[in-house]
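Architecture and fold: a report
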Amino acid sequence: MEDRVTPPEIYFNRRQWFNRRQWLRGGIVAGSALATGAIYRGLKGRPLPVAKTKQIEVVSAETLPPESGFVVDDTPTSYRAITSYNNFYEFTTDKVDVARVAEGFVTTGWQVEVNGLVDAPKTFTMADLAALGPAEERIYRMRCVEAWSMVIPWAGIPLARLLEAVRPQAAATHVAFETLYDPERMPGQKTSVLEWPYIEGLRLDEAMHPLTLLATGLYGRELPPQDGAPVRLVVPWKYGFKGIKSIVRISLVSSQPQTSWNRYAPGEYGYYANVNPAVDHPRWSQATEQRIGEVGRRATLPFNGYAEQVASLYDGMDLAVHF
Ligand SMILES: Nc1nc2c(c(=O)[nH]1)N[C@H]1C(S)=C(S)[C@@H](COP(=O)(O)O)O[C@H]1N2
Ligand SMILES: [Mo]
């Protein structure tokens, strides 16, 4: 991935970003500029940044104990940056072009099939997912394997709630996820940059962890296409590529599933992909990261800062081997 990356600080130097957007599409710049520097303060009576997707109701996580890890202390990244600097190879490998290429991606009638080793397999509409419970706010760090990071105010339901609804059988040990395959709607799938569809996987205990979120929104609005509309996975202690977008299938299985980036380059992208500053990517260090919107680099934290919540899932494992 990294060899295609333009350093984020180039794009998020305000003037350069401004010029590039002006060059790309004359008209939208004035509106976007209004959102510059807007900081998310929750839904209760405070202004939200300019956005196109529909507002949704989100249960605030502010009242939850800090040890849950549900709300990180850092300042959220701007809505503009979260929605205009994306990895979504089904559309394009050019991060700042994803929003434009994915604009108009139609998700009407979306369904998520949940099958495999479960007693109650079911195909969920978006309304069925909403019926599982209200969208909850989670303000998480997001650390891409390419060494940039953001802080994103997601909205969604714990994945555990969906899995409990289909009643996993005792033989189920892992969960496999699949993105939509439809090259007419996802033009990047006409290229062979990855094998399609994009696939991901978790151990069942990772999938059931309270931090693991099935996200349907961000910043109090429905997910825009570039961030994985209408439903994507968020696993905040793992590298961003585990957060599979635009999910159509979730399967309970009895062995470790194949995953897209691990299949592409197993020596570079592990199956576990737990954020780990001590295990470098073969082509770059993982010790530090560029937080989008900040000057200078930050130290990368073990498990992306969620060690207290998740380190025990890996007791006794050599994390340099199971990376
Ligand atoms: N289907 C699909 N899911 C995907 C990707 C992708 O290319 N296709 N990119 C991954 C990578 S590498 C990252 S860092 C995150 C980026 O999420 P964001 O664009 O919402 O920040 O999505 C992940 N999920
Ligand atoms: Mo990534």
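The paragraphs below set out a description of the structure included in this document. (Residues numbered from 1 in each chain as written. Chains lettered and ligands numbered in written order. Predicted model: local features only at pLDDT ≥ 70, side-chain atom pairs only at ≥ 80, totals over all residues. Heavy atoms only, no water.)

**Quick look at empty space enclosed by the protein**
For the record, the criterion: Grid points spaced at 1 Å and placed over the protein atoms alone form the basis of the search, with a cavity being a set where a 1.4 Å probe fits but cannot get out and a pocket an open set showing protein on both sides within 12 Å along at least five of seven lines. Lining residues have an atom within 4 Å of a point. Grid points are joined across faces, edges and corners, and a volume is the space filled by probe spheres set on the points. Helical segments are the DSSP runs of H or I of at least four residues, strand segments are the runs of E of at least two, and each set is numbered from the N terminus. The classification used treats Ala, Val, Leu, Ile, Met, Phe, Trp, Tyr, Cys and Pro as nonpolar, Asp, Glu, Lys and Arg as charged, and all other residues, Gly among them, as polar.
For the coordinates displayed, the defined rule picks out 2 cavities of 30 Å³ or more. Put simply, the largest cavity is a space of about 330 Å³. Lining the largest cavity are 25 residues, and of these Asn-87, Phe-88, Arg-232, Gly-240 and Lys-245 lie nearest its centre. In terms of residues, the lining of the largest cavity owes the most to one element, strand β4 (residues 148-158), which gives 4 residues. Class assignment of the residues belonging to the lining of the largest cavity gives a composition of 16 nonpolar, 5 polar and 4 charged. Counted as a void, the second largest cavity has a volume near 90 Å³.

**Examining the site of ligand 1**
Formally: Working definition: residue near molecule or strand if any one of its non-hydrogen atoms lies within 4 Å of it. Think of a polar contact as two N or O atoms within 3.5 Å of one another; within protein, one of them needs to be a possible hydrogen donor and the other a possible acceptor, and neighboring residues in sequence only count if both atoms come from side chains. In this description, a molecule resides in a pocket or cavity if more than half of its atoms sit within 2 Å of the grid points defining it.
With respect to spatial proximity, 17 residues lie near ligand 1, and among them Tyr-89, Glu-90, Asp-227, Gly-243 and Lys-245 are the closest. Interatomic distance of 2.7 Å between a side-chain N/O atom of Glu-90 and a nitrogen atom of ligand 1. Within the side chain of Arg-232, one N or O atom sits 3.0 Å away from an oxygen atom of ligand 1. Of all the cavities here, the one that holds ligand 1 is the largest cavity. Tallied by class, the residues present in the shell around ligand 1 amount to 8 nonpolar, 5 polar and 4 charged.

**So, the pattern of salt bridges**
Where we set the bar: By definition here, a salt bridge exists when the distance from a side-chain nitrogen of Lys or Arg to a carboxyl oxygen of Asp or Glu is within 4 Å. Summary of the burial criterion: residues with accessible area below 20% of their type's maximum are buried, those above 50% are exposed, and those between are partly exposed, where the area comes from a 1.4 Å probe applied to protein chains only.
Within the structure shown, the criterion is met by 20 salt bridges. Between Arg-141 and Asp-74 there is a salt bridge whose closest N-O contact spans 3.7 Å. Here Asp-74 lies in the loop between α3 (29-35) and α4 (79-82) and Arg-141 lies in strand β3 (residues 136-143), a separation of 67 residues in the sequence. When its relative accessible area of 17% is taken as the criterion, Asp-74 is described as buried. One salt bridge in this structure joins Glu-195 and Arg-263, with 3.5 Å as the shortest N-O distance. Pair noted here: Glu-195 is in the loop between β5 (174-179) and β6 (199-203) and Arg-263 is in helix α9 (residues 260-264), with a separation of 68 residues, a long-range link. Judged by its relative accessible area of 51%, Glu-195 falls in the exposed class. For Arg-263, a relative accessible area of 26% translates into the label partly exposed. Residues joined by salt bridges that share partners form a network here, namely Asp-74, Arg-141, Arg-143, Glu-289, Arg-291, Glu-294 and Arg-298.

**Here we look at the sheet that holds β6**
Inclusion rule: When DSSP locates at least two bridges between a pair of strands, those strands are taken to pair. Geometry is summarised by axes, namely lines fitted to C-alpha atoms with helices restricted to the contacting stretch, and by angles between N-to-C directions that run from 0 to 180 degrees. By definition, residues are in contact when any of their heavy atoms lie within 4.5 Å.
Strand order in the open sheet formed by 5 strands is β2-β1-β10-β5-β6, with mixed pairing between adjacent strands. Since the sheet does not close on itself, it has two edges, and those belong to β2 (122-125) and β6, each with one partner. Direction aside, the axes of adjacent strands within the sheet are offset by 15 degrees on average. Looking at chain direction, β5 and β6 are connected through 5 bridges and run antiparallel. Within β6, the position partnered with Phe-177 by the bridge is Glu-200. In this fold helix α7 (residues 159-166) packs onto β1 (111-116), β2, β5 and β10 (247-253), with an angle of close to 60 degrees to the strand it touches most, β10.

**Topic: the nonpolar core**
For the record, the criterion: Nine residue types can take part in a nonpolar core, namely buried Ala, Val, Leu, Ile, Met, Phe, Trp, Tyr and Cys, and a core is a set of them joined through side-chain atoms within 4.5 Å.
Trp-154, Leu-159, Phe-177, Trp-237 and Ile-250 are the most contacted members of the largest nonpolar core, which totals 82 residues. When sequence neighbours within four positions are dropped, the list of residues in contact with Leu-159 reads Phe-177, Ala-207, Thr-212, Leu-213, Leu-214, Leu-233 and Ile-250.

**Describing the side chain of Asn-86**
Structurally, the position occupied by Asn-86 is in the loop between α4 and α5 (98-102). For Asn-86, a relative accessible area of 3% corresponds to the buried category. One polar contact links Asn-86 to Asp-227, side chain to side chain, over a distance of 3.0 Å. When near neighbours in sequence (up to four residues on either side) are disregarded, Asn-86 contacts Lys-95, Val-98, Gln-226, Asp-227 and Lys-245.

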